[in-house]
Amino acid sequence: MPEPVKTRVNDFVVKFANVNGSGSASANGMFAKSILRMGVPVAARNIFPSNIQGLPTWFEVRVTEAGHLGRRGGVDLMVAMNPQTWDKDVAEIEAGGYLFYDCTKPLPAAKFRNDITVIGVPLTAMCNAAYQLPRERQLFKNIVYVGALAALLGIDLAVIEQLLGEQFEGRAKLIAANVAALHMGHDYVTENLEPLRLQVRRADAVGDRIYVEGNSAAALGAVYGGATVCAWYPITPSTSLAEAFTGYCEDLRTDPDGKARYAIVQAEDEIASIGIVVGAGWNGARAFTCTSGPGVSLMTEFIGLSYFAEIPAVIFDVQRGGPSTGMPTRTQQADLIGAAYASHGDTKHPMLLPADPGECFEMGALAFDLADRLQTTVFVMLDLDIGMNEWLTKPFAWDDARALDRGKVMTHDELEAGKDFGRYLDVDGDGIPYRTYPGVHPSRGGYFTRGTSRNPYARYSEEGAVYVDNMQRLLRKFETAKALIPPPIERKARRKTPDGVIYFGSTTPAMHEALEALEGQGRHVDALRLRGFPFSNEVMAFVAGHERVFVVEQNRDGQLRTLLMNEGGVDPAKLVPVLHYDGTPITARFIAGQIAQLMAMAQIEAAE
Amino acid sequence: MTYITKPQLHHPLLAENSLGFTRRDYEGSVSTLCAGCGHDSISSAIIQACFELDLPPHRIAKLSGIGCSSKTPDYFLGASHGFNTVHGRMPSVLTGANLANKDLIYLGVSGDGDSASIGLGQFAHAVRRGVNMLYIVENNGVYGLTKGQFSATSDKGSKSKRGVVNHDAGIDLVGMALQLGATYVARSFSGDKAQLVPLIKAGLMHKGAAFIDCISPCVQFNNHQGSTKSFDYVREHNEAVNRLDVIPPRGPISVDYAPGETVKVAQHDGSVLSLHKLAELYNPNNRAQALGYLQARQARGQVVTGLLYIDPDSGDLHDSLETVDTPLNQLGQADLVPGSAALAAINAALR
């Protein structure tokens, strides 16, 4: 037996290795939430395959009283329920860690490691004895191991019982059966095994934070942003965003007489989805679609029309592994360039880059103000990690005094007063013209919207000078957007340093932990978290103010780095890529390791 | 499309409708289509229909895709908002526009290239959703802008201007519309204004997906011997099943058809469609019969025109979605934003 490690309280990683379709997701999620209910923050990641059943799936729960919400890397306790991935799972356990397995069928010693502690519970035998139906035996096995883990880790059983009550509210028989299974596992461990040296203790480290998926948060943001039309087509990992919007609208946007203050259409494809959004935006409704990279590819013609014809639209792009169909259920940040320049011809689109569900809510609402203000497509760039995983995040907040910004819309009365209306006139010098809603006035304000070139009064024109003038105005509008995009957030190192790092989105929590680790090693890096595109002057000042800037992102080609070079004219040699793109959420260890290695190599080169 | 402004002067004694508009008020810019193009006749029929129905031009939203036909919304209803979208995708844009404001009248104009090829899917889905619109396909069976290729509605065995024989079966958009659940389906001919104008009027007043397949010969590339979409061919093979008149709820109208059996169909808005039967056995309230009748006549080489099907009890997409009576684009912040109190409850449920 290895030397027992010191008991670690509220600071360890548990990973569940399951078979997709075995019904484990609910039990694993309950395990995570029970710890949260004990006042201890958790960071949970669901890593699942793109099939219905049979392939491996993992659920990683980081118990972290310190509040680190990214992945750490490494596993302290592996709950190995999938024979297919046994060897890989066992190899992933940290030295001194634990392996929990179903010991109904004995395994040879060669299947274990001598630097870990093995805990066997005869789950199959217990369930076979207790249940008759095969499906019951499988489903309750998950609850049995949750009960066993509760005993091993010191989780309060009453908390889990309460969660079961909430999950199966009104179904007393199901609650009783699940509670019985829970106790079966718990009792076995209590009678036969010792608690682990990984323990959960009640704490008060969660505060008022909420535990929610980014997709759900973004959908709620769309409700608060005043979106009334949603057209969508199912695609992982964005589907739950549309479904959440539907649920929130049913709860929050239904008239007393049962009528809907919204319209949601599951379109026939992604092209129709964005077409409906463009039509609704043209006609004065706030409209959005949600999709992923492959959907954005299909939508690009309409996105170009939105850009050129200047029609508000919002797209929630929940990014995943790519290119093409790639890894549909794995996370990446690989749509940046595709979204920023979507469509043929010269186009540029604003993007918002939320870092957690809290920002998904805020930016979900903000996107509609920006789309109306800028009269263009605005992307909200989530990814699978934020979108489909539950994150601990600040509570949603809304200022009731906040007014929706409908942008420059010329009203009936303004038209009646004889104000000059030229659909594409730059009246205010900010590149943003005024528009009218169809049907607003019997004789004024009507115009023809088209994708072909036109003069400031919306009359078709192929005059070169007219076209250039229009394209330059669109660039001016993009400049205006810089001031409207949420500014980046800078985090200064404790000491003055020539090194900087730029990052965004779901990388954020792992990045923050990595910065702490690097500081601990005496490596100081100033950090800038981007929250949108186009890049503001502050972003370029940060790059200019450092000799070397690491750019951390989850794609192969350094797409953010490319955007910085392209839009900011930054010397490529100055931007050092730190790239993670295997489909799993980036870890603090990976970032800190990569940056430390790059800094060390640079030191060696400098010394030579 | 070229924008040519029409002279503002017009005859001072032009007839006015009940809104005080003359026919000129329903016109648009000067057409740049070929002289004699059937599409211009359809534009003229739209203008006449809207004028006669006393529709406020600005309350009509006209949308189109890409192609000769899709240029035409520039040539009528100049005071209306128009949207020349992208190839084949007008139906989705119209659907979105309709969702935003249910109070406007939506007129979709498309062509056989636009609707029967790239846009076939969007055409189908807009129809099956029951979007409240009049969708007119100006069907010339040829790609005119790219100089004469067959379109998907070109009949099998018909010939191109160069004499090439089309080996692919033609898509019958009327048959499709019937199968997809359109609640108003008609076919007409750009050269038969007496038939077309009432069909457009009734389609504009219909609640739900109204579809008119209007054969509109292309004088440049598909008006020759061997074409089944030429003026001569359609005139020779046209079989009108009925003649239509529209009686709006607000005013009397004279029926100028020859005496015979007349069927009256009341619509939701109070208008009455007066159908004078030409084909004795034809029943425009029976979808299945309509399909069978069409296919039988098609096999004989006949082009059936007239009002082919109508469901007087039709609904639309807003009925299905059970949306509020106020157009969505007119809902205020108080209607849309649930506020901080609702958010506090949501936060509590997420802990």
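Since this is a predicted model, take the numbers as computed values, not measurements.

(A) Fine view of the overall build of chain A. Of regular secondary structure, chain A possesses 19 helices and 23 strands. Against the compact-globule benchmark of 25 Å for 608 residues, chain A has a radius of gyration of 27 Å, which places it among compact chains. A separation threshold of at least 6 residues defines the contact pool for chain A, and within that pool the share at least 24 residues apart is 76%. Surface summary for chain A: the accessible area is close to 22,500 Å², and the carbon and sulfur share equals 52%. Computed over 58 positive and 72 negative side-chain charges, the separation of the two mean positions in chain A equals 1 Å.

(B) Looking closely at the overall build of chain B. Each helix and strand counted, chain B has 12 helices and 13 strands in total. Overall, chain B is about 75 × 50 × 45 Å in size when its C-alpha atoms are taken along their principal axes. For chain B, the proportion of its 351 residues judged to be buried stands at 58%. Sequence-distant contacts in chain B: of pairs separated by 6 or more residues, those separated by 24 or more amount to 70%.

(C) Looking closely at the sheet that holds strand 19 (residues 499–504) of chain A. All names here are of chain A. With mixed pairing, the 5 strands of this open sheet are ordered in space as 18-20-19-22-23. Across the chains shown, the open sheet's two edge strands, defined by having one partner strand only, are strand 18 (489–491) and strand 23 (575–579). Within this sheet the neighbouring strands show an average axis-to-axis angle of 20 degrees, counted without direction. One ladder, built from 4 bridges, connects strand 19 with strand 22 (residues 548–553); its direction is parallel. In the strand pairing of strand 22, I502 is matched with V551. Set on the sheet, helix 16 (residues 508–520) makes contact with strand 18, strand 19, strand 20 (526–530) and strand 22; between it and strand 19 the angle comes to about 160 degrees. In this fold helix 19 (residues 588–607) packs onto strand 19, strand 22 and strand 23, with an angle of close to 155 degrees to the strand it touches most, strand 22.

(D) Here's a closer look at helix 19 of chain A. All names here are of chain A. Helix length check: helix 19 (20 residues) gives 28 Å between terminal C-alpha atoms against 28 Å at 1.5 Å per residue, within 8%. Among the residues making up helix 19, those that are buried are A588, I591, A592, I595, A596 and M599. Looking straight down helix 19, one finds that the buried residues subtend no more than 120 degrees of arc, so they occupy a single side. For helix 19, the elements touching its buried residues are strand 19, helix 16, strand 22 and strand 23.

(E) Layout of the nonpolar core. Residues F245, F288, F316, M351 and F396 of chain A are the most contacted members of the largest nonpolar core, which totals 148 residues. In terms of nonpolar packing, the next biggest core, distinct from the first, is built from 56 residues, A27, V146, A148 and L157 of chain A among them.

(F) A look at the interface of chain B and chain A. Taken together, the contacts link 55 residues of chain B with 67 residues of chain A. Between chain B and chain A, roughly 5,200 Å² of surface is buried when both sides are summed, and carbon and sulfur atoms account for 62% of that area. The largest share of the area that chain B buries against chain A comes from H81, F83 and R351 of chain B, three residues that together contribute 14% of it. In this assembly, chain B and chain A are joined by 3 salt bridges. Between E268 of chain A and R129 of chain B there is a salt bridge; the shortest N-O distance is 2.8 Å. Viewed at the interface, chain A and chain B are joined by 26 residue pairs in polar contact (both at pLDDT 80 or more). Those elements that place two or more of their residues in the side of chain B that touches chain A are strand 1 (60–64), strand 2 (82–84), helix 3 (90–100), helix 5 (120–129), helix 11 (333–336) and helix 12 (340–349) of chain B. When residues of the side of chain B that touches chain A are assigned to their parent elements, the largest contribution, 7 residues, is made by helix 3 of chain B. When its residues are assigned to classes, the side of chain B that touches chain A shows 25 nonpolar, 21 polar and 9 charged. The pairing of strand 17 (residues 448–450) of chain A with strand 2 of chain B spans 3 bridges and is parallel. From the neighbouring strand, R450 of chain A faces strand 2 of chain B, where its bridge partner is N84 of chain B.

(G) Broad picture of the side chain of N28 of chain A. Residues and elements named next belong to chain A. Looking at where N28 falls in the secondary structure, it is placed in helix 1 (residues 24–37). Side-chain polar atoms of N28 contact the side chain of N18, separated by 3.0 Å. With residues up to four places along the chain from it excluded, the contact list for N28 reads F16, N18, F59 and Y145.

(H) Representation of the UniProt feature "domain: Pyruvate/ketoisovalerate oxidoreductase catalytic" (unreviewed entry) in chain A. Under the UniProt annotation, "domain: Pyruvate/ketoisovalerate oxidoreductase catalytic" (unreviewed entry) lies at residues 21–186 of chain A. For residues 21–186 of chain A, helix accounts for 45% and strand for 22%, while the C-alpha atoms at its two ends are 24 Å apart.

(I) The packing of aromatic side chains, seen in detail. Residues and elements named next belong to chain A. Applying the stated rule across the entire model yields 27 aromatic pairs over all chains. Within the aromatic cluster, the residues linked to one another by ring pairs are F16, F31, F59 and Y145. One cation-aromatic arrangement involves K88 over W58; the distance from NZ or CZ to the ring centre is 4.8 Å. Lying across the ring of Y424, R454 places its NZ or CZ 3.7 Å from the centre.

(J) Quick look at the pattern of salt bridges. Applying the stated criterion to the full structure yields 46 salt bridges over all chains. Close ionic contact of K15 of chain A with E60 of chain A constitutes a salt bridge, the shortest N to O distance being 4.0 Å. Separated by 45 residues along the polypeptide, K15 of chain A in strand 2 (residues 11–19) and E60 of chain A in strand 4 (residues 56–64) bring together distant segments of the chain. Grouping residues by exposure puts K15 of chain A and E60 of chain A together as buried. Measuring nitrogen to oxygen at the nearest pair gives 3.1 Å for the salt bridge that ties D319 of chain B to K207 of chain B. Of the two residues, D319 of chain B sits in helix 10 (residues 317–321) while K207 of chain B sits in the loop between helix 7 (193–205) and strand 8 (209–215), which places them 112 residues apart along the sequence. Taking relative accessible area as the criterion, K207 of chain B reaches 28% and is therefore assigned partly exposed. What you see here is one network of salt bridges that share partners, running through R286, D369, D372, R402, R406 and R435 of chain A.

(K) Fine view of the pairing of strand 10 (residues 242–247) of chain B. All names here are of chain B. In terms of burial, strand 10 is a largely internal element, 5 of the 6 residues being buried. Bridge count between strand 10 and strand 12 (residues 272–277): 6 bridges; the pairing is antiparallel. Of the residues in strand 12, the one forming a bridge with L244 is L275.

(L) Quick look at the UniProt feature "transmembrane region" (unreviewed entry) in chain A. UniProt annotation of "transmembrane region" (unreviewed entry) refers to residues 143–164 of chain A when read in the numbering used here. The span residues 143–164 of chain A is 86% helical and 0% strand by assignment, and the distance between its end C-alpha atoms comes to 10 Å.

(M) Focus on helix 6 (residues 173–180) of chain B. Residue and element names in this part refer to chain B. Buried within helix 6 we find L173, V174, G175, A177 and L178. Capping the start of helix 6, D172 holds a side-chain oxygen 3.2 Å from the backbone nitrogen of V174, two or three residues further along. Among the residues trailing helix 6, G181 stands out with phi positive, at a value near 105 degrees.

(N) Spatial organisation of unusual backbone geometry. Residue P237 of chain A is reached from T236 of chain A by a cis peptide bond, and omega for that bond is 5 degrees. With respect to the secondary-structure elements, P237 of chain A resides in the loop between strand 10 (229–232) and helix 8 (239–252). In this model, G322 of chain A is joined to P323 of chain A through a cis peptide bond whose omega is 5 degrees. Positive phi, normally seen in glycine, also occurs at K147 of chain B, with a value near 75 degrees. Structurally, K147 of chain B is set in the loop between strand 5 (142–143) and strand 6 (149–150).

(O) Region of the structure containing the domain arrangement of chain A. Residues and elements named next belong to chain A. Taken as a whole, chain A is organised into domain 1 (8–199), domain 2 (212–393), domain 3 (412–482) and domain 4 (489–607). For domain 1 versus domain 4, the distance between C-alpha centres works out to 36 Å. With 10 residues of domain 1 in contact, the opposing surface of domain 4 contributes 10 residues. Taken over both partners, the interface formed by domain 1 and domain 4 buries close to 860 Å², and the fraction arising from carbon and sulfur atoms is 50%. On the domain 1 side of the contact with domain 4, H68, R71 and R72 bury the most area, a combined 54% of that side's loss.

(P) Representation of the pairing of strand 13 (residues 303–310) of chain B in the model. Residue and element names in this part refer to chain B. The buried count for strand 13 comes to 8 of 8 residues, which makes it a mostly enclosed element. Two strands pair when backbone bridges link them, and strand 7 (residues 184–189) and strand 13 are joined in this way by 4 bridges, in the antiparallel orientation. Across the sheet, A186 pairs through a bridge with L307, a residue of strand 13. Of the pairings in the sheet, the one linking strand 9 (residues 238–240) to strand 13 comprises 3 bridges and is parallel in character. The residue bridging A240 from the neighbouring strand is T305, located in strand 13.

Cut-offs used in this document
- Residues numbered from 1 in each chain as written.
- Chains lettered and ligands numbered in written order.
- Predicted model: local features only at pLDDT ≥ 70, side-chain atom pairs only at ≥ 80, totals over all residues.
- Heavy atoms only, no water.
- Helix = DSSP H or I, 4+ residues; strand = E, 2+ residues; numbered from the N terminus.
- Rg over C-alpha atoms; globule rule 2.2 N^0.38 Å.
- Contact = heavy atoms within 4.5 Å.
- Areas by Shrake-Rupley, 256 points an atom, 1.4 Å probe, with all protein chains shown as cover.
- Lys, Arg positive; Asp, Glu negative; His and termini not counted.
- Charge placed at Lys NZ, Arg CZ, Asp CG, Glu CD.
- Buried < 20%, exposed > 50% of the residue type's maximum accessible area, 1.4 Å probe, protein only.
- Pairing = 2+ DSSP bridges.
- Axes fitted to C-alpha atoms, helices over the stretch in contact; angles between N-to-C directions.
- Expected span 1.5 Å × (residues − 1).
- Arc of directions from axis to C-beta.
- Core = buried A, V, L, I, M, F, W, Y, C linked by side-chain atoms within 4.5 Å.
- Buried area = accessible area lost by both parts, 1.4 Å probe.
- Salt bridge = Lys/Arg side-chain N within 4 Å of Asp/Glu carboxyl O.
- Polar contact = N/O pair within 3.5 Å; in protein donor to acceptor, adjacent residues only side chain to side chain.
- Nonpolar A, V, L, I, M, F, W, Y, C, P; charged D, E, K, R; others polar.
- UniProt positions renumbered as here; feature names shortened; annotations may be inferred.
- Phe/Tyr/Trp six-rings, centres within 6.5 Å; stacked < 30°, edge-to-face > 60°.
- Lys NZ or Arg CZ within 6 Å of the ring centre and 35° of its normal.
- Domains from an automatic or database assignment.

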